[in-house]
Amino acid sequence: MKLMNTPKSLELSVTNRCNLRCTYCSHFSGPGDVDHDLSTEEWLKFFEELGRCAVMNVTIQGGEAFIRKDLKELIAGIVRNRMRFSILSNGTLITDDIAAYIAGTGRCSHVQVSIDGSTAETHDACRGKGNFEKAVQGLEILRKHKIPAAVRTTIHRHNVNDLDNIAELLLEKLRLPGFSTNSASYMGLCREHAENVQLTAEDRSSAMATLLRLNRKYDNRISAAAGPLAEAKMWMKMEESRRERQKSLPPCGYLTSCGCMWSKIDIRADGVMIPCTQMSHIELGRINSDDLKSVWQNHPELKQMRERPNIPLEEFEFCKGCEYIPYCRGGCPALAYTLLGKETHPSPDSCLKRFLEQGGKLPDVL
Amino acid sequence: MENEKLIANPTIVLREEFDDWAVLFDPDTGNAYGMNPVSVFVWKHLDGNHALEDIEKKLRAECKNVPDDAGVFIKEFIADLVAKGLAGHKFQNA
Ligand code: SF4
Ligand code: SF4
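Described below are features of the structure shown in this document. (Residues numbered from 1 in each chain as written. Chains lettered and ligands numbered in written order. Predicted model: local features only at pLDDT ≥ 70, side-chain atom pairs only at ≥ 80, totals over all residues. Heavy atoms only, no water.)

The next thing to look at is the overall build of chain B. Secondary structure summary: chain B contains 3 helices and 6 strands in total. Shown N-terminal to C-terminal, the secondary structure of chain B runs as helices and strands in the order β-β-β-β-α-β-α-α-β. Computed over the C-alpha atoms, the radius of gyration of chain B is 13 Å, within 12% of the 12 Å expected from 2.2 N^0.38 for a compact globule of 94 residues. With respect to the principal axes defined by its C-alpha atoms, chain B has extents near 40 × 35 × 20 Å. By the burial criterion, 39% of the 94 residues in chain B qualify as buried. A separation threshold of at least 6 residues defines the contact pool for chain B, and within that pool the share at least 24 residues apart is 52%. Treating the 10 positive side-chain charges of chain B as one cloud and the 17 negative ones as another, the clouds have centres 4 Å apart. (Helix = DSSP H or I, 4+ residues; strand = E, 2+ residues; numbered from the N terminus. Rg over C-alpha atoms; globule rule 2.2 N^0.38 Å. Buried < 20%, exposed > 50% of the residue type's maximum accessible area, 1.4 Å probe, protein only. Contact = heavy atoms within 4.5 Å. Lys, Arg positive; Asp, Glu negative; His and termini not counted. Charge placed at Lys NZ, Arg CZ, Asp CG, Glu CD.)

Below, the structure is given as structure tokens:
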């Protein structure tokens, strides 16, 4: 695969601060949890470099992005340098004033608000008391200003049985066009609370079946890049291929799961360039000191990450004898790192064989 | 019209990729358009100093194997850019 001259998009952790402490937060107590934020001027200077590099999109995130008092100035810098932006938020700090400003730029692709429950009880179980109401209110403010609003539901032990109601709230009562899902993964604070929040194999089986059923009911308006819905689709395809003894379909059989490092790069709240916010431990350089284009094209760690797709799964002791090898892509490198301490390894979390050994069941129907 | 100088919309981003191919990105709409090397050459000359025929002349002078009908391609390409609001004719004082 040929490498682009410069990254097409970046995820920017504009702050390390957040007004909440969700029990499954992947940020806090992980390597992205740094001791200071950058100044307005440092970000604005970097945005000029992004403009020169013809970067198209940035995702503003934290911590909680709306906690920054200078958010308008940062957005103005992004707009001035001819980029579009999205914001990831817990929704609780969105005001009419900032929403009007965002809408006025005409450059916002979407603001994503996290809603994890159909009621305060389920949403607040991991996010803290009072935050369901504030998040729904934040969502309403965005919609009032006609800002494309997206919702992400993180599935965990306390809301896995609330999925029907969540879909009803978001798709019927609030009439959103759709929402996306993932699940609490073993990173950051979640590592400390894993027993309490992470899905068991049984929970995962139930969530997969429920989400597939809901997608039939709601015309595929629920999406996922990770978590039970994504796993259901991928694992059912793998099982079908195994049963029918199909030939391997490229790029399966190799560590090919993540293609992010071919199109984007991320920045930690302290200005350190990293391959992905979930892999904040890999430090590639520092903004405004190191040249972004040169880091993107030449950094040995990034080059090594881009070599992952050449590593066959059969080389791993972990995969020895597994019948899914020709249909498997090895899963997320960040989860492989957080679980095993190495990125160049299949992720145990994405492993179908392991899931079945733990008593997990795939849904019956395609 | 054909002698009028052409100018690119300054909001539009040219992302040069590998092998002289590129993408034109309109941040206001989010639309992106793939560009072949000839289109990139034309885009880079939409600087307010060149008219359509100047660009064709330069292309023939600077590039090898330019097809006979390149002028038609350039004309259509520019018309398309103007229709999409990605470029326009430079305003000239009388
Ligand atoms: S998950 Fe998001 S909202 Fe919750 S503590 Fe972490 S950064 Fe804050
Ligand atoms: S052991 Fe797991 S990761 Fe390896 S090929 Fe089998 S299913 Fe995939």
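Bringing the side chain of Ser183 of chain A into the picture now. With respect to the secondary-structure elements, Ser183 of chain A resides in strand β6 (residues 179-183). Judged by relative accessible area, Ser183 of chain A falls into the buried class, the value being 18%.

Okay, the site of ligand 2 next. Every residue close to ligand 2 is listed here: Phe318, Cys319, Cys322, Tyr324, Ile325, Cys328, Pro346, Cys351, Leu352 and Lys353 of chain A. Its residues assigned to classes, the shell around ligand 2 shows 9 nonpolar, no polar and 1 charged. (Near = heavy atom within 4 Å. Nonpolar A, V, L, I, M, F, W, Y, C, P; charged D, E, K, R; others polar.)

What follows concerns the packing of helix α1 (residues 40-52) of chain A against helix α2 (residues 71-80) of chain A. Residue and element names in this part refer to chain A. Relative orientation of the contacting elements α1 and α2 amounts to 10 degrees, with a least axis distance of 9 Å. Between α1 and α2, the angle is such that the two are roughly parallel. On α2, the residues touching Thr40, Trp43, Leu44 and Phe47 of α1 are Glu73, Leu74, Gly77, Ile78 and Arg80. In terms of residue class, the contact of α1 with α2 is built from 5 nonpolar, 2 polar and 2 charged. (Axes fitted to C-alpha atoms, helices over the stretch in contact; angles between N-to-C directions. Parallel < 35°, antiparallel > 145°, perpendicular 65-115°, else oblique.)

For the coordinates displayed, the defined rule picks out 4 aromatic pairs over all chains. Residues Phe73 of chain B and Phe77 of chain B carry aromatic rings whose centres are separated by 6.0 Å and whose planes lie at 0 degrees to one another, so their mutual orientation is stacked. Taken together, the residues span about one helical turn, with Phe73 of chain B and Phe77 of chain B both in helix α3 (residues 70-83) at a distance of 4 residues. These aromatic residues form a ring-pair network of at least three members: Trp43, Phe46 and Phe47 of chain A. The ring centre of Phe28 of chain A lies 3.6 Å from the NZ or CZ of Arg21 of chain A, which sits over that ring. Sitting over the face of the ring of Trp296 of chain A, Arg306 of chain A holds its NZ or CZ atom 4.5 Å from the ring centroid. (Phe/Tyr/Trp six-rings, centres within 6.5 Å; stacked < 30°, edge-to-face > 60°. Lys NZ or Arg CZ within 6 Å of the ring centre and 35° of its normal.)

Residues and elements named next belong to chain B. The geometry of helix α1 (residues 37-44) relative to helix α2 (residues 52-62) is characterised by a closest axis approach of 10 Å and an angle of 125 degrees between their N-to-C directions. When the axis of α1 is compared with that of α2, the two are oblique. Crossing hand, α1 versus α2: right-handed. Here α1 contributes Val38, Phe41 and Val42 to the contact with α2, which in turn contributes Ile55, Lys58, Leu59 and Glu62. (Left-handed = near helix turned anticlockwise from the far one by under 90°.)

The next thing to look at is the side chain of Thr40 of chain A. Residues and elements named next belong to chain A. You can see Thr40 is positioned in helix α1. Of the residues examined, Thr40 reaches a relative accessible area of 13% and is grouped as buried. Within the structure, Thr40 has its side chain in polar contact with the side chain of Asp70 (distance 2.6 Å). Residues in contact with Thr40, not counting those within four places in the same chain, are Arg68, Asp70, Glu73 and Leu74. (Polar contact = N/O pair within 3.5 Å; in protein donor to acceptor, adjacent residues only side chain to side chain.)

Next up on the list: the site of ligand 1. Taken together, Cys18, Leu20, Arg21, Cys22, Cys25, Phe28, Gly63, Asn90 and Arg127 of chain A make up the full set of residues adjacent to ligand 1. A breakdown of the residues in the shell around ligand 1 according to their chemical character gives 5 nonpolar, 2 polar and 2 charged.

Residues and elements named next belong to chain A. With mixed pairing, the 10 strands of this open sheet are ordered in space as β7-β6-β5-β4-β3-β2-β1-β8-β9-β10. On the outer flanks of this sheet lie β7 (222-224) and β10 (285-286), each paired with one strand and no other. Examined bridge by bridge, strand β2 (residues 57-61) and strand β3 (residues 84-89) share 4 bridges and lie parallel to one another. Residue pairing in the sheet places Val58 in a bridge with Phe85 of β3. (Pairing = 2+ DSSP bridges.)

Listed by partner, the interface residues are 17 residues for chain A and 16 residues for chain B. Both faces combined, the contact of chain A with chain B buries some 1300 Å², and carbon together with sulfur accounts for 52% of it. The largest share of the area that chain A buries against chain B comes from Lys2, Met56 and Arg82 of chain A, three residues that together contribute 45% of it. Here Arg107 of chain A ties to Asp28 of chain B by a salt bridge, and the two come within 2.6 Å at their closest N and O atoms. Where chain A touches chain B, the interface holds 11 residue pairs in polar contact (both at pLDDT 80 or more). Looking at the side of chain A that touches chain B residue by residue, the classes come out as 8 nonpolar, 4 polar and 5 charged. (Buried area = accessible area lost by both parts, 1.4 Å probe. Salt bridge = Lys/Arg side-chain N within 4 Å of Asp/Glu carboxyl O.)

Residues and elements named next belong to chain A. Looking along the chain, the bond that leaves Gly62 and enters Gly63 is cis, with omega of 10 degrees. Tracing the backbone through its elements, the reader meets Gly63 in the loop between β2 and α2. Its identity is not glycine, yet Asp219 carries a phi of approximately 60 degrees, on the positive side. You can see Asp219 is positioned in the loop between α8 (201-217) and β7. Classification of Asp219 as exposed rests on a relative accessible area of 64%.

Residue and element names in this part refer to chain B. Within the element layout of this structure, Asp54 appears in helix α2. For the pair Asp54 and Lys5, spaced 49 residues apart in the sequence, the C-alpha separation amounts to 9.1 Å. Those residues in contact with Asp54 that sit more than four places away from it in its chain are Lys5 and Asn49. A polar atom in the side chain of Asp54 sits 2.6 Å from the backbone nitrogen of Ala51.

It is worth spelling out the pairing of strand β2 (residues 13-16) of chain B at this point. All names here are of chain B. The pairing of β2 with strand β3 (residues 22-26) spans 4 bridges and is classified as antiparallel. Residue Val13 lies in a different strand from β3, and its bridge partner there is Phe25. With antiparallel pairing between neighbouring strands as the criterion, β2 and β3 make up a hairpin whose turn holds 5 residues, including Asp19 at a positive phi of roughly 55 degrees.

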